[in-house]
Amino acid sequence: MYNKNMNIIPRPKSYKLLGEEDNFNLEGLLFIDRLFETEKSCLVEHFNVQTTTDLEKANIKFLYNKDIKGDESYTLNIYKETITLCANNSAGLFYGIQSLKQLCCINDGRVEAPGIIITDSPRFTWRGAMVDTSRHFMSVKSLKKFLDLLAIHKINKFHWHLTDDQGWRIEIKKYPELTKIGSKRVLNTVKEYYSSDFYSQEDIKSIVKYAMERHIEVIPEIDIPGHSTAAIASIKELSCINEELNVATTWGVHNKILCAGKESVFTWLDDVIKEIAELFPGRYIHLGGDEALKDYWESCPLCQKRMEDEGLENTKELQSYFIKRVSKTINKYGKKVLGWEEVIEGGLADDITVFSWQGVEVGVEAANKGHDVIMCPNQSACYFDHKHLDDEDEPGWLGVCSVKDTWSFNPIAEGITEEAKKHILGVQGNTWTELIMYPKTLEYMVFPRLTALSETMWYGVEDRDWEEFKNRLKSFKLTLDNMGVNYYRGDLE
Ligand SMILES: [Zn+2]
């Protein structure tokens, strides 16, 4: 049975519910504009009713309309026993269908729907979710289910953390040792399997294609120059002292770092980035840049020589040199550069988009200086490895973040100038998996916090009401139930 209220999450930009007399229950016959033909298989699968090529006969119409502004926008009218969904782009049509699916009930080809008129478009262009598959490997099957979940939330970026101290998870053909050695973690735990696997290039292509069909851009992250123990364990020459070590088995910030003095490190990075750029058709590559401890750089003769040759005052400036140089390589292969907020240390390359994660302060500073920013602060907002509640029985660590905390986060933080607001591209929810071994646990930690954050990503924060959101969330949980999601069911605040 459908809900006679507007029960869509994320909330549409504007809507008007019509009277009872406009509700209907009838046999669906669907017409799809030929411009959306490429979407058809995915659409029909989504919307399981008979199709027709005769517009006159159809009572469900998916139409191209060039007057609709924005690639992700749509209008949806359910009125007088007809559903009319219009968009100027397949992404807009896709999002309209997500709304329609939440509004309607479709059973054996019959459609029940409330009368409503919706005009919708997103508040932010960057609506992201990051999953760390280094600390614990997540299967291709589980990631595809995760992408299905992103799609119903109208989330359009999947940030895929592929390498870290505890595992190198992406096949690089030129350097097979990266996955042969770097994906294997020797752990004395029952879950060794989840920590000892990698994504083949065929797996990656399959994920990217699946995401594209759902209008999700996949962002690969190779975390450098720190968080590189798995890479160095595979190729010891990447370190300052050709150090022989194992893939990290413990958590925390490790001091293993790629040498910034050796030319061979930059050659290796060029080769790796070349293969990654070919695998991911999206516009971006994320180079990490976070938590790089510089002990090795301080004592490495080659790193010290690099600083002297380049006129660099300290190792923070050496990090800046490193990031700028790798950024140029990423640009050379036609991609834009993303980095965690530490990339701002020692001077930031002009065109790096900054992920503000230790709070909003660096994001505010970067935006005010004219850099594009993604807001994803860890405390009480966007880190889903934190506990839902301050309760010793709840899983999670490093902080407490209730569903309401996430919902309440405003990415247009205090201190951002009027002019700089346009540089806040959007919001992202991040899930680090040090303590998350299974896809089912991942679902528990992410949902419905990401559901709450999707409301901010798509609708924004103006004129909202927590109680009203909670009502819609009740209906939305039925969707999550139908998809077999192991979401968190405890207190929301
Ligand atoms: Zn060095």
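Since this is a predicted model, take the numbers as computed values, not measurements.

A closer look at the domain arrangement of the chain
You'll often see interface size given as the accessible area lost when the parts meet. The domains assigned to the chain are domain 1 (14–120) and domain 2 (126–482). For domain 1 and domain 2, the distance between their C-alpha centroids amounts to 36 Å. Across the boundary between the two partners, domain 1 contributes twelve residues, which contact eleven residues of domain 2. When the buried surface of domain 1 facing domain 2 is broken down by residue, Phe94, Tyr95 and Gln102 rank first, second and third, together holding 44% of it. In this assembly, domain 1 and domain 2 are joined by one salt bridge. With a closest N to O distance of 2.9 Å, arginine 127 and glutamate 72 form a salt bridge. Here domain 1 is connected to domain 2 by five residue pairs in polar contact (both at pLDDT 80 or more).

Notes on the coordination of the zinc ion
For a metal with four donors in a tetrahedral arrangement, the ideal angle between donors is 109.5 degrees, while six donors in an octahedron ideally sit at 90 or 180 degrees. Every protein donor of the zinc ion is listed here as Cys240 (SG), Cys259 (SG), Cys300 (SG) and Cys303 (SG), and their distances to the metal cover 2.3 to 2.4 Å. Around the zinc ion sit four donor atoms; with metal-centred angles ranging over 106 to 117°, the donor geometry is tetrahedral. Judged by relative accessible area, which is 0%, cysteine 303 ranks as buried.

Here we look at helix H11 (residues 361–368)
One turn of the α-helix equals 3.6 residues, which is why residues spaced by three or four share an orientation. For H11, every residue scored as buried is listed here: Val362, Gly363, Val364, Ala366 and Ala367. Turning to H11, the residues buried within the fold contact strand E18 (353–356), strand E19 (373–375) and strand E20 (424–431). Following H11 by one or two positions, glycine 370 has its phi on the positive side, about 95°.

Let's talk about helix H5 (residues 201–213)
Given a rise of 1.5 Å per residue, 13 residues ought to cover 18 Å, and the 18 Å separating the end C-alpha atoms of H5 matches this to within 8%. Where H5 is concerned, the buried positions are Gln201, Ile204, Ile207, Val208, Tyr210 and Ala211. Where the residues of H5 are buried, they touch helix H3 (140–152), strand E12 (157–161), strand E15 (217–224) and helix H7 (263–279). Looking one or two places after H5, you find histidine 215, whose phi comes out positive at around 60°.

Thoughts on the environment of cysteine 104
By the element assignment, cysteine 104 lies in the loop between helix H2 (90–103) and strand E8 (105–107). Through-space distance from the C-alpha of cysteine 104 to that of glutamate 419 is 41 Å; in sequence the pair is 315 residues apart.

Re the sheet that holds strand E17 (residues 336–340)
Remark on secondary structure: sheet strands pair via backbone hydrogen bonds, oriented parallel or antiparallel. What the eight strands build is a closed barrel, ordered E11-E12-E15-E16-E17-E18-E19-E20; its pairing is parallel. Pairwise comparison of adjacent strand axes, ignoring direction, gives a mean angle of 30° for this sheet. The pairing of E19 with E20 spans three bridges and is classified as parallel. By the bridge assignment for E20, methionine 375 is matched with valine 427.

Structural notes on the sheet that holds strand E3 (residues 29–32)
On the basis of which strands lie adjacent, the open sheet formed by seven strands has the order E1-E10-E6-E7-E5-E3-E4 and mixed pairing. Sheet topology places strand E1 (14–17) and strand E4 (50–51) at the edges, where each strand pairs with a single neighbour. Here two bridges tie E3 to E4, and the two strands are oriented parallel to one another. Looking at the pairing, leucine 29 lines up with glutamine 50 of E4.

Some thoughts on the UniProt feature "active site" (unreviewed entry) in the chain
The UniProt feature table records "active site" (unreviewed entry) at Glu291. Looking at the element boundaries, glutamate 291 is found in the loop between strand E16 (284–288) and helix H8 (295–299). Beyond its immediate stretch of four places on either side in the chain, glutamate 291 contacts His227, Val253, Glu342 and Trp357. Polar contacts involving the side chain of glutamate 291 include one to the side chain of histidine 227, which spans 2.8 Å.

Things to note about the side chain of serine 454
For serine 454, the position within the fold is in helix H15 (residues 449–458). Within the structure, serine 454 has its side chain in polar contact with the backbone oxygen of threonine 451 (distance 2.7 Å). Ignoring anything within four residues of it in the chain, the contact list for serine 454 reads Ile9, Pro10, His153, Ile155 and Tyr459.

Comments concerning the environment of leucine 302
Looking at the secondary structure, you find leucine 302 in helix H9 (residues 301–310). You can call leucine 302 partly exposed: its relative accessible area is 40%.

What about the packing of H3 against H5?
Interaxial distance between H3 and H5 falls to 10 Å at its minimum, and their mutual angle equals 15°. As far as their axial angle goes, H5 and H3 are roughly parallel. By crossing handedness, the relation of H3 to H5 is classed as right-handed. Along the contact surface, H3 presents Val140, Leu143, Lys144, Leu147 and Asp148, while H5 presents Asp203, Ser206, Ile207, Tyr210 and Ala211. Tallied by class, the residues present in the contact of H3 with H5 amount to six nonpolar, one polar and three charged.

Looking at the pattern of salt bridges
Taken as a whole, this structure holds 33 salt bridges when the rule is applied. When the shortest N-O distance is used, the salt bridge between glutamate 217 and arginine 283 registers 2.6 Å. Of the two residues, glutamate 217 is situated in strand E15 and arginine 283 in the loop between H7 and E16; the sequence distance between them amounts to 66 residues. Residue glutamate 217 is classed as buried on the basis of its relative accessible area, which comes to 12%. Each of Arg11, Glu455, Glu468 and Arg472 takes part in salt bridges that share partners, so that together they form one network.

Rules behind the numbers
- Residues numbered from 1 in each chain as written.
- Predicted model: local features only at pLDDT ≥ 70, side-chain atom pairs only at ≥ 80, totals over all residues.
- Heavy atoms only, no water.
- Domains from an automatic or database assignment.
- Contact = heavy atoms within 4.5 Å.
- Buried area = accessible area lost by both parts, 1.4 Å probe.
- Salt bridge = Lys/Arg side-chain N within 4 Å of Asp/Glu carboxyl O.
- Polar contact = N/O pair within 3.5 Å; in protein donor to acceptor, adjacent residues only side chain to side chain.
- Donors = N, O, S within 2.8 Å, 3.2 Å for Na, K, Ca; no water.
- Tetrahedral: all angles 85-135°; square planar, octahedral: opposite > 155°, others 65-115°.
- Buried < 20%, exposed > 50% of the residue type's maximum accessible area, 1.4 Å probe, protein only.
- Helix = DSSP H or I, 4+ residues; strand = E, 2+ residues; numbered from the N terminus.
- Expected span 1.5 Å × (residues − 1).
- Pairing = 2+ DSSP bridges.
- Axes fitted to C-alpha atoms, helices over the stretch in contact; angles between N-to-C directions.
- UniProt positions renumbered as here; feature names shortened; annotations may be inferred.
- Parallel < 35°, antiparallel > 145°, perpendicular 65-115°, else oblique.
- Left-handed = near helix turned anticlockwise from the far one by under 90°.
- Nonpolar A, V, L, I, M, F, W, Y, C, P; charged D, E, K, R; others polar.

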